[in-house]
Amino acid sequence: MAEQILTNEVDVRRAKIDSLKEMGEIPYKAKFDRTCTIEEAREKVGERVKIAGRVIFKRVMGKFGFMHIRDINAKIQISVGRNELDEEAYDFYKKMVDIADFVGVEGEVYLTQTGEVTVKAEKVTLLSKTLRPLPEKFHGLVDTETKYRQRYLDLITNEEARAVFVGRSKLLAFIRKYLGENGFMEVETPILQSAVCGASAKPFFTHHNALDVDMNLRIAPETYLKQCIAGGFDRVFEVAKCFRNEGMDPQHLQEFTQVEWYASYWDFEDNIKFFQGFIKNLLLELTGKATIEKDGVVLDFGKENLDRINYVETMREIFGFDFLAETDPIEFKNKIVAKGLFKIGELEDYKSISQIVDFVYKKKIRENIVQPTILYNYPAALIPLARRNDDDERIIDVFQVVVMGTELCKAYSELVNPIQQREAFEKQLEAKKQGDDETMDLDESFMLAMEHGMPPISGLGCGLDRLLMLIYNQQSVRDVVLFPIMR
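Description of the structure in this document. Only a predicted model underlies this, so the values are computations on that prediction, with no experimental measurement involved. (Residues numbered from 1 in each chain as written. Predicted model: local features only at pLDDT ≥ 70, side-chain atom pairs only at ≥ 80, totals over all residues. Heavy atoms only, no water.)

Moving on to the overall build of the protein chain. Within the protein chain, the secondary structure is distributed over 14 helices and 18 strands. Residues classed as buried in the protein chain amount to 49% of the 487 residues present. When contacts within the protein chain are restricted to residue pairs at least 6 apart in sequence, long-range pairs at least 24 apart make up 65% of them. Carbon and sulfur atoms form 49% of the exposed surface of the protein chain, whose accessible area is close to 24,100 Å². Averaging the locations of the 66 positively and 80 negatively charged side chains of the protein chain gives two centres separated by 6 Å. (Helix = DSSP H or I, 4+ residues; strand = E, 2+ residues; numbered from the N terminus. Buried < 20%, exposed > 50% of the residue type's maximum accessible area, 1.4 Å probe, protein only. Contact = heavy atoms within 4.5 Å. Areas by Shrake-Rupley, 256 points an atom, 1.4 Å probe, with all protein chains shown as cover. Lys, Arg positive; Asp, Glu negative; His and termini not counted. Charge placed at Lys NZ, Arg CZ, Asp CG, Glu CD.)

Structure follows, in structure tokens:
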């Protein structure tokens, strides 16, 4: 029945298009000269304006009526009556303008008796005739599938969705402004790469026909950004699309966006200070305050120093033995089971030491963190690109910010010792032989750059999709990505 109603509505609108052509009207105009946006018009009471937008409401009462038009940032009421329009123009408006059409309106902005900002239409121009009506439930789409597949309908009908995606645009603008003001230069690195490197993840593979070589899609821009540092750039960053061929859940999509920045002569403590300033100023820019309310919990990013957890020391307490000394994954699992931490079946999918450690950390530490917390001092086995601690080479100078069980960013003092770096890559190859399919390749191009020399460096990566989920209290990553991948 609903499909038949829709079909009838489309047929009616097609007929109107034919009628417009017969009248000598152009159903789809080439342009309209606005004098201001709708948002700007709302501040111009007493002035004449020319504005344009989509009709989202229309009510005609004899010789007078109202409609609302909107764009992505604002909506405004339009009064349309015979006192301002002649009979022909008013009749055209009544019969030919439908909800969802785009119109241009010219007239004076005034306040109604109830204080509503309104434009008194002296001219209404049909700019673009819409074939399909808006969804019946105009207060926001309920059907999740439709929201993700037809995001434009979500944006038209859902105020919350508009706020999220306007916020996403502001976030990107803030990143470029803030980093630029702090001496960082934006660069671009390849998405098609010849080595899987920069993060521990399963890659997407493709084939380059012209070169007849297999390549992978970027999982992280890290190694190329460090090559920029080697070339003399002091501080660099990239807002990078990355691709990881892994599972989908409310916090993960195979295609995602992250920002990575690298600063010469910094260590990870410098990056901690910089990130705390970055996130605080970002929140002030987007929301006007340094706190976020997420699922009823107020999260405070405004503190001078966030809480800290020493990863290695806390994990030693959990295991009850020196887990950094473990070299055999099977023996490691048996010790964990003997301690009663997990059953052997829960550890079955994890093949290497690094995978096992990461699993235990996520279950025993990460899940229990609520307030923004810095985790630092990580096992070297977890991140082969990070600098070894001067006091214990089994530990790396790394930190992550975790909030409500979610990793917000990862940063470290970078490994610039080519001898240690090659050894770390070789250990990755050993883990790959043990069945860990998320290990990195030995990237000889990157090694060559490191052998030519790099200064001390600290870098940071932050997933923008998760950050937006947190700021705007969204439950799924799909709610902050305009066009998420769907089956």
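That shown, we press on.
The contact between helix α9 (residues 311–319) and helix α11 (residues 353–364) brings their axes to 11 Å, and the two run at 85 degrees. One way to sum up the angle between α9 and α11 is to call them roughly perpendicular. Between α9 and α11, the residues in contact are Tyr-311, Met-315, Ile-318 and Phe-319 and Val-357, Asp-358, Val-360, Tyr-361 and Lys-364, respectively. Broken down by class, the residue content of the contact of α9 with α11 amounts to 7 nonpolar, no polar and 2 charged. (Axes fitted to C-alpha atoms, helices over the stretch in contact; angles between N-to-C directions. Parallel < 35°, antiparallel > 145°, perpendicular 65-115°, else oblique. Nonpolar A, V, L, I, M, F, W, Y, C, P; charged D, E, K, R; others polar.)

Let's shift gears to the pairing of strand β10 (residues 235–243). Regular strands place their side chains on alternate faces of the sheet. Extensive coverage of β10 is indicated by the burial of 7 of its 9 residues. Across 2 bridges, the pairing between strand β6 (residues 185–186) and β10 is parallel. Paired with Glu-186 across the two strands is Phe-237, which belongs to β10. As judged from the 9 bridges shared by β10 and strand β11 (residues 255–264), these two strands associate in the antiparallel manner. Opposite Lys-241, over in β11, you have Thr-257 as the bridge partner. (Pairing = 2+ DSSP bridges.)

A contiguous patch of negative charge on the surface is contributed by Glu-393, Glu-423, Glu-426 and Glu-430. The residue Glu-393 is located in the loop between β15 (373–379) and β16 (395–403) in this model. (Patch = residues over 30% accessible without salt bridge, like charges linked within 9 Å, V, L, I, M, F, W, Y side chains within 5 Å. Salt bridge = Lys/Arg side-chain N within 4 Å of Asp/Glu carboxyl O.)

This part takes up helix α8 (residues 268–287). With 20 residues, α8 should cover 28 Å at 1.5 Å per step; its first-to-last C-alpha distance of 28 Å lies within 8% of that length. Those residues of α8 not exposed but buried are Phe-268, Asn-271, Ile-272, Phe-274, Phe-275, Gln-276, Phe-278, Ile-279, Leu-282, Leu-283 and Leu-286. For α8, the side-chain oxygen to backbone nitrogen distance between the N-cap and Glu-269 is 3.1 Å, and the N-cap itself is Asp-267. Positioned one or two residues after α8, Gly-288 has a phi angle of 85 degrees, which is positive. (Expected span 1.5 Å × (residues − 1). Polar contact = N/O pair within 3.5 Å; in protein donor to acceptor, adjacent residues only side chain to side chain.)

Taken together, the 3 strands give an open sheet; going across it, the order is β7-β9-β8, and neighbouring strands pair in antiparallel fashion. Each edge of the open sheet is held by one strand with a lone partner, namely β7 (192–193) and β8 (205–208). Here β7 pairs with strand β9 (residues 213–217) via 2 bridges, running antiparallel. Directly across from Gln-193, in β9, lies its bridge partner Asn-216.

Moving on to unusual backbone geometry. Even without a glycine there, the phi angle at Ala-100 is positive, about 95 degrees. Positive phi outside glycine occurs at Asp-212, with the angle close to 55 degrees. Tracing the chain through its elements places Asp-212 in the loop between β8 and β9. Here Asp-212 falls in the exposed class, since its relative accessible area comes to 58%.

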